[in-house]
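Architecture at a glance
This is what each chain is made of:
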Amino acid sequence: MKKKRNKKYNSTLKYQQISRIVAKDYMILDITAIDVFVYYKGSEIKPKSFEARMLNEVRYKWQIMAGVICRDQLKREYLKTDTFITANEYFTSELSDYLAEFQADLWETANPLHRLTQFWLATPNKTEITEQVVMKMINSKKGFNNFMTVYEYQQSKVTF
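A brief report on the enclosed structure follows. (Residues numbered from 1 in each chain as written. Predicted model: local features only at pLDDT ≥ 70, side-chain atom pairs only at ≥ 80, totals over all residues. Heavy atoms only, no water.)

**Section: the overall build of the protein chain**
Counted only if it meets this: The helix count covers DSSP runs of H or I at least four residues long, the strand count covers runs of E at least two residues long, and both are numbered beginning at the N terminus. Our radius of gyration is a C-alpha quantity, and the globule rule it is checked against amounts to 2.2 Å times the number of residues to the power 0.38. The classification of residues rests on relative accessible area computed with a 1.4 Å probe and restricted to protein chains. Under 20% of the type maximum is buried, over 50% is exposed, and intermediate values are partly exposed. By definition, residues are in contact when any of their heavy atoms lie within 4.5 Å. In summary, the charge assignment counts Lys and Arg as positive and Asp and Glu as negative, without counting His or the chain termini. For charged residues, the charge sits on one atom: NZ in Lys, CZ in Arg, CG in Asp, CD in Glu.
When helices and strands are counted, the protein chain shows five helices and six strands. Each helix (α) and strand (β) of the protein chain, taken in turn from the N terminus, gives the series α-β-β-β-α-β-β-α-β-α-α. Here the C-alpha radius of gyration of the protein chain, 20 Å, is well above what a compact globule of 160 residues would show, namely 15 Å. Principal axes of the C-alpha set define a box for the protein chain whose edges measure 90 × 30 × 25 Å. Across the 160 residues in the protein chain, those meeting the buried criterion constitute 39%. For the protein chain, long-range pairs separated by at least 24 residues make up 71% of all intrachain contacts whose partners lie at least 6 apart in sequence. One finds the centroid of the 25 positive side-chain charges in the protein chain at a distance of 12 Å from the centroid of its 18 negative side-chain charges.

**A word on the nonpolar core**
Operational definition: Nonpolar cores were defined as sets of buried Ala, Val, Leu, Ile, Met, Phe, Trp, Tyr and Cys residues, with membership established by side-chain atoms within 4.5 Å.
Counting 22 residues, the largest nonpolar core has Met54, Leu55, Trp62, Ile64, Leu95 and Trp120 as its most contacted members. Put simply, the parts of the chain that give this core at least two residues each are β1 (26-31), α2 (49-57), β4 (63-71), α3 (92-109) and β6 (115-123). The element that contributes the greatest number of residues to this core is β4, accounting for four residues. Sequence-distant contacts of Trp62, that is, excluding residues within four places in its chain, are made with Ile28, Leu55, Phe84, Ile85, Thr86, Tyr90, Phe91, Thr92, Leu95, Ala122, Thr123 and Pro124. Core analysis: the second largest hydrophobic core is formed by 17 residues, Leu79, Leu116, Val134 and Phe144 among them.

**Considerations on the packing of aromatic side chains**
For clarity, the cut-off: Pairing of aromatic rings covers Phe, Tyr and Trp, the last counted by its six-membered ring, and requires centre-to-centre distances within 6.5 Å; plane angles under 30 degrees mean stacked, over 60 mean edge-to-face, and any other angle means tilted.
The full count for this structure, using the stated rule, is five aromatic pairs. Seen from their ring centres, Tyr26 and Tyr40 are 4.7 Å apart, and the 50° between their planes marks the pair as tilted. Taken as a pair, Tyr26 in strand β1 and Tyr40 in strand β2 (residues 35-40) lie far apart in primary sequence, 14 residues in all. Overall, the relative accessible area of 4% leaves Tyr26 in the buried class. In this structure Tyr40 comes out as partly exposed when scored by relative accessible area, which is 30%. Seen from their ring centres, Phe84 and Phe102 are 4.8 Å apart, and the 70° between their planes marks the pair as edge-to-face. Taken as a pair, Phe84 in strand β5 (residues 77-85) and Phe102 in helix α3 lie far apart in primary sequence, 18 residues in all. Among the aromatic residues, those joined into a cluster by ring pairs are Phe84, Tyr90, Tyr98 and Phe102.

**Here we look at the packing of helix α1 (residues 11-22) against α2**
Quick reminder of the rule: To obtain each axis, a line is fitted to C-alpha atoms, and for helices this fit is confined to the stretch in contact; angles are then taken between N-to-C directions over 0 to 180 degrees. Note that the term roughly parallel is reserved for angles under 35 degrees, roughly antiparallel for angles over 145, roughly perpendicular for angles of 65 to 115, and oblique for everything else. Under this grouping Gly is polar, as are all residues other than the nonpolar Ala, Val, Leu, Ile, Met, Phe, Trp, Tyr, Cys and Pro and the charged Asp, Glu, Lys and Arg.
Closest axis-to-axis distance for the α1/α2 pair is 10 Å, and the angle between their directions is 100°. If you check the angle between α1 and α2, you find them roughly perpendicular. Of the residues in α2, those touching α1 at Tyr15, Ser19 and Val22 are Phe50, Arg53 and Met54. Across the contact of α1 with α2, the residue classes break down as four nonpolar, one polar and one charged.

**Some words on the pairing of β2**
The criterion, for reference: Two strands pair under a simple rule: DSSP has to find at least two bridges between them.
Bridging between β1 and β2 involves six bridges; their strand directions are antiparallel. Pairing of Ile31 across the sheet is with Asp35, part of β2. As consecutive antiparallel partners, β1 and β2 are separated by three residues, and within that stretch Ala33 has a phi angle of approximately 75°, a positive value. Two elements, β2 and strand β3 (residues 43-45), share three bridges in a ladder whose sense is antiparallel. For Tyr40, the partnering residue across the bridge sits in β3 and is Ser43. Hairpin connection, β2 to β3: the antiparallel pair is bridged by two residues, and Lys41 has positive phi, about 50°.

Structural data, given as structure tokens:
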């Protein structure tokens, strides 16, 4: 009779499995030149050590909305975005490098007179990310107020 092998408990594997379940309620918003913000179930949080570790030390397939924050001459604010799911798993720290070329292409396709800055929002969850939700998050961080477009800058130079 064969003896059943006792499987050794692997704490790292168990941590990764639990993190994958818990992390799906988190979102990371990176607004270039402002900061990185973490949201849990739609509300901003200050990540504690477990959350920070969970988001930084486990690889995920991310759903990402990357884009450019824009404002036209009539002061209408809008986003030029693209949403996709990564083919491979990445650490949070790898996302900026992964998105660099993609964001550069988005920046080039946006109207040069309307561009303010870039952003990306990532979540390990496969739920729909809407522009309205992202717009609320960006507005709560005054993402539109911290920057000037080319034409606003030129107008401010003329008035001085």
